[in-house]
Amino acid sequence: MKKSRKRRGLLAFLSILCVMLMALCIFLAVMCFDLRMNDSRKDVVIKDLRQTHAKQQDEISALQEKVDALQKVIDDQNAAAAEAEAKAGGEDVAGALHEGEGTIPKPQGEDSLLQSELQAAGLVLGEAPENADAYFTINEIVPGDGIFERINGKSYRENPNVALSDLRYLTVLHYNFDGLVQTGEIIVNAAIAEDTVGVFKDLFANHYQIYSMYLVDNYWTGDGDSSDTASIEVNNTSAFNYREITGGGKLSNHAYGRAIDINPQQNPYVTFSDGMPIYSHENAAPYIDRTSGDPHVIVEGDICYNIFTAHGFSWGGHWDNPVDYQHFEK
Ligand SMILES: [Zn+2]
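Residue numbers here run from 1 along each chain, matching the order of that chain's written sequence. The model is predicted, so local features are restricted to residues of pLDDT at least 70 and side-chain atom pairs to those at 80 or more, both for listing and for counting; the totals for chains, interfaces and linings are taken over all residues.

S.K.: Where do I start with helix α6 (residues 224-233) in this structure?
M.R.: Residues spaced three or four apart along an α-helix face the same direction, because each turn holds 3.6 residues. Note on burial: count the other C-beta atoms lying within 10 Å of the residue's C-beta; 20 or more is buried, 12 or fewer is exposed, in between is partly exposed, and C-beta positions come from the backbone. Numbering of helices and strands runs from the N terminus; a helix is a DSSP stretch of H or I covering at least four residues, while a strand is a stretch of E covering at least two. Those residues of α6 lying buried are G224, S227, D228, S231 and I232. Along the long axis of α6, the arc covered by the buried residues comes to 140°, so they all point the same way. At the C-terminal side of α6, N235 shows a positive phi close to 60°. This arc describes the spread of directions from the helix axis toward the C-beta atoms.

Listed below in structure tokens is the structure:
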């Protein structure tokens, strides 16, 4: 009896032990399954991360390409801006002229030297700028400004006939004898300033070549007449100069800023005596004959003549004796 109770107790104990072992087994199995699941989940996460990383690398490459493309655009724009700035040098010159800074250099020496000097100074633009109209300006001259300082005591001096306020300083563009676009300057009477700008705009539009256009003061030798001679010697086109007419006696129309001399070498001032031409500039010799067909030789009906007369100017080439082929006045 005692033995059978003992066995029953043992059986119960073994049963409980079995249940506990089974529970342990189940727990371990669950743990094991869970770990394995975690592992595979980790694999998935790692795979996802790798994919995301690869995707991000692609995106970075694409962005880098975009950055490179944008940088190229910026570089191109910078290059274009630098080029535009270089071109705008001409505008600066026009601006400087406008402000009367007196930046026009004094041309001297050989033609080639003159051209290269002008090139260096930015006065020879080469090609026509897009905003060509902006280079044609009309400016008052005020005592003390840069232009006044250049002309005072030279082409302009106080006088009872022409006041400083009667004059205008113009900037223009013209083609030079090399076919390059170049800036020019000229002083005329306020009454003909608009017409004069109209003339030079039309000449420019027609690619008419003018050797150079600087104030006669750039060639000043001490008095109006000899300075005019010096300016003609270098074939300079100019207008205002407070001086008497050639030969003396009364004021020239140049003294009023109402006359303009164009390419004086090719278009000389000639007096005839017994049918023989008399002229003071040796460099004019090849141009006494007006029938050469040289495009710089002004003849009735050519571009230069037509433009000046269309703007109401009369031509010295129509005078009897002397004949002044370079001279237009209004
Ligand atoms: Zn003249």
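S.K.: Would you mind showing me how to read the pairing of strand β3 (residues 167-175) here?
M.R.: Successive side chains on a regular strand alternate, one facing one side of the sheet and the next facing the other. When you tally the buried positions in β3, you get eight out of nine residues, the bulk of the element. When DSSP finds two or more bridges between two strands, those strands count as paired. By the bridge criterion, four bridges tie strand β2 (residues 137-140) to β3 in an arrangement that is antiparallel. Within the sheet, the bridge partner assigned to E140 lies in β3 and is R168. A loop of five residues connects β3 with strand β4 (residues 181-189), the two strands running antiparallel in sequence, and G179 in this loop sits at a positive phi of about 80°.

S.K.: Just to check I follow, could you spell out the sheet that holds β2 for this structure?
M.R.: Sheet strands pair by backbone hydrogen bonding; their relative direction is either parallel or antiparallel. The sheet built from four strands is open, its strands ordered β1-β4-β3-β2 with antiparallel pairing. Strand pairing shows two members of the sheet lacking a second neighbour, β1 (124-126) and β2, which therefore form its edges. Taking each pair of neighbouring strands and ignoring which way they run, the sheet shows an average axis angle of 30°. Across nine bridges, the pairing between β3 and β4 is antiparallel. Bridging from a neighbouring strand, V172 pairs with G184 of β4. Contact between residues is assigned whenever the C-beta positions, reconstructed from backbone atoms, fall within 7 Å. For every element, the axis is a line fit to its C-alpha atoms; helices are fit only across the contacting stretch, and the angle between N-to-C directions ranges from 0 to 180 degrees. Most of the contacts of helix α5 (residues 193-205) go to β3, to which it runs at about 5°, and overall it touches β2, β3 and β4.

Note that all results are geometric; they support no functional claim without further evidence.
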